[in-house]
Amino acid sequence: MSKKVDLKNLDFNNIGSWPQQAKIVFCAFVGLLIIGLAWYLFISDKTAELESLERRESELRADFEKKQGQAANLNALKQQLVQMEAQLQQMLRQLPSKNEMPDLIVDISQTALATGITNELFQPEPEQPKDFYAEKPIALRMVGSYHQFGAFVSGVASLPRVVIMTMHDISLKPKGSANGGQPAVITADSSALELSGTVKTYRYLDEEEVAEQQKAAQAPGQAAPAQAAAQGGA
């Protein structure tokens, strides 16, 4: 039978003289202590990092699968983009050109007169170029009946050239007399309505105009470095 180890009689300054059983217990205790310290100092901090990396892996995997799906459809998307650009160019070509714009404005004015509308004001304003088109504002004040205005819109829609018009700050009200606000009558059976505001019609920019637009847009950015260099030299 093994003898019971008395801890009080163990000399910690001379561990080599301990009984074999005490040495085994002591070595096991030291081993567990080392393992515990190693876990606390090195491994426990890495656990949180591992969890973070696992979450990052899941996010990257999901992002990869998404991009992989997009890459698989890349050729089809490119073909659709080419088709959409071709359709856009075709639609732009249906808008009036720079040379056709004056005649178009005349046609719009004549269409209004042909329906019986009175043009009290029909004043084209300067063009406002955009990225690939230009808009032409027209300040107007027209007098006519509800049905005449409907006929005017229908007449503009039937013009040979595609006409896009948008209305801004439009006011439609009965045409008052000069002395009291009673509606004026311009026909035997309909009251006069006054339509005032601004309409905008659009035309496409040709290649030269688009190039000028791009050059003008880049000019301010190019002037700034040159000005800074000049100030630095001064």
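In what follows, the structure referred to is the one given above.
Predicted model, so just to flag it, every value in this text is computed and none were measured.

Draft legend 1. Summary view of the overall build of the protein chain. Of the regular secondary structure elements, the protein chain holds five helices and five strands. What you see in the protein chain, going N to C, is helices and strands ordered as α-α-α-β-β-β-α-β-β-α. The burial tally for the protein chain puts 21% of its 234 residues in the buried class. Once local pairs closer than 6 in sequence are excluded, the contacts in the protein chain between residues at least 24 apart make up 64%. By element, 57% of the accessible surface of the protein chain is carried by carbon and sulfur atoms, the whole surface being about 17300 Å².

Draft legend 2. Quick look at unusual backbone geometry. Backbone geometry at Asp-169 places phi at a positive 55°, although glycine is not the residue there. As for its position among the elements, Asp-169 is in strand β4 (residues 165-174).

Draft legend 3. Spotlight on the nonpolar core. If you look at the biggest cluster of nonpolar residues, it comprises 18 residues, and the most contacted ones within it are Ile-108, Phe-122, Met-142 and Phe-152. Elements with a minimum of two residues in this core: α3 (101-114), β3 (133-144), α4 (146-157) and β5 (193-204). At five residues, α3 tops the list of elements feeding residues into this core. Residues in contact with Ile-108, not counting those within four places in the same chain, are Phe-122, Phe-152, Leu-159, Val-163 and Met-165.

Draft legend 4. Region of the structure containing the packing of α3 against α4. Close contact between α3 and α4 brings their axes to 9 Å; oriented N to C, the two are set at 145°. Crossing angle aside, the handedness with which α3 passes α4 is right-handed. Touching Ile-108, Thr-111 and Ala-112 of α3 are Phe-152, Gly-155 and Val-156, all from α4. Residue classes in the contact of α3 with α4 are distributed as four nonpolar, two polar and no charged.

Draft legend 5. Quick look at α3. The end-to-end C-alpha separation of α3 is 20 Å, in line with the 20 Å expected for 14 residues at 1.5 Å each. Buried within α3 are the following residues: Met-101, Leu-104, Ile-105, Ile-108, Ser-109, Thr-111 and Ala-112. The buried side chains of α3 occupy one side of the element, clustering within an arc of 155° when seen end-on. Away from its buried face by more than 90 degrees, α3 exposes Asp-103 and Ala-114. Residues of α3 that are buried sit in contact with β1 (118-124), β3, α4, β4 and β5. Where α3 terminates, the next one or two residues include Gly-116, which has phi positive at roughly 95°.

Draft legend 6. Quick peek at the pattern of salt bridges. As enumerated under the stated definition, the model contains seven salt bridges in all. Notably, a salt bridge pairs Arg-203 with Glu-127, separated by 2.8 Å at the nearest N-O pair. Here Arg-203 is found in strand β5, whereas its partner Glu-127 is found in the loop between β1 and β2 (128-129), with 76 residues between them in sequence. Among the ionic contacts, a cluster of salt bridges with common partners joins Lys-130, Glu-135 and Lys-200.

Draft legend 7. Representation of the side chain of Ser-109 in the model. Secondary-structure assignment places Ser-109 in helix α3. The class of Ser-109 is buried, set by a relative accessible area of 16%. Excluding residues that lie within four positions of it along the chain, Ser-109 makes contacts with Asn-119 and Phe-122.

Draft legend 8. Local environment of α4. With 12 residues, α4 extends 17 Å between its outermost C-alpha atoms, agreeing within 8% with the 16 Å of an ideal straight helix rising 1.5 Å per residue. Among all positions in α4, only Gln-148, Phe-149, Phe-152, Gly-155 and Val-156 are buried. Axial view of α4: buried residues confined to an arc of 120°, hence all on one face. Across α4 from its buried face, at more than 90 degrees, point the exposed residues Tyr-146, His-147 and Ala-157. Contacts from the buried residues of α4 go to α3, β3, β4 and β5.

What counts, and where the lines are drawn
Residues numbered from 1 in each chain as written. Predicted model: local features only at pLDDT ≥ 70, side-chain atom pairs only at ≥ 80, totals over all residues. Heavy atoms only, no water. Helix = DSSP H or I, 4+ residues; strand = E, 2+ residues; numbered from the N terminus. Buried < 20%, exposed > 50% of the residue type's maximum accessible area, 1.4 Å probe, protein only. Contact = heavy atoms within 4.5 Å. Areas by Shrake-Rupley, 256 points an atom, 1.4 Å probe, with all protein chains shown as cover. Core = buried A, V, L, I, M, F, W, Y, C linked by side-chain atoms within 4.5 Å. Axes fitted to C-alpha atoms, helices over the stretch in contact; angles between N-to-C directions. Left-handed = near helix turned anticlockwise from the far one by under 90°. Nonpolar A, V, L, I, M, F, W, Y, C, P; charged D, E, K, R; others polar. Expected span 1.5 Å × (residues − 1). Arc of directions from axis to C-beta. Salt bridge = Lys/Arg side-chain N within 4 Å of Asp/Glu carboxyl O.

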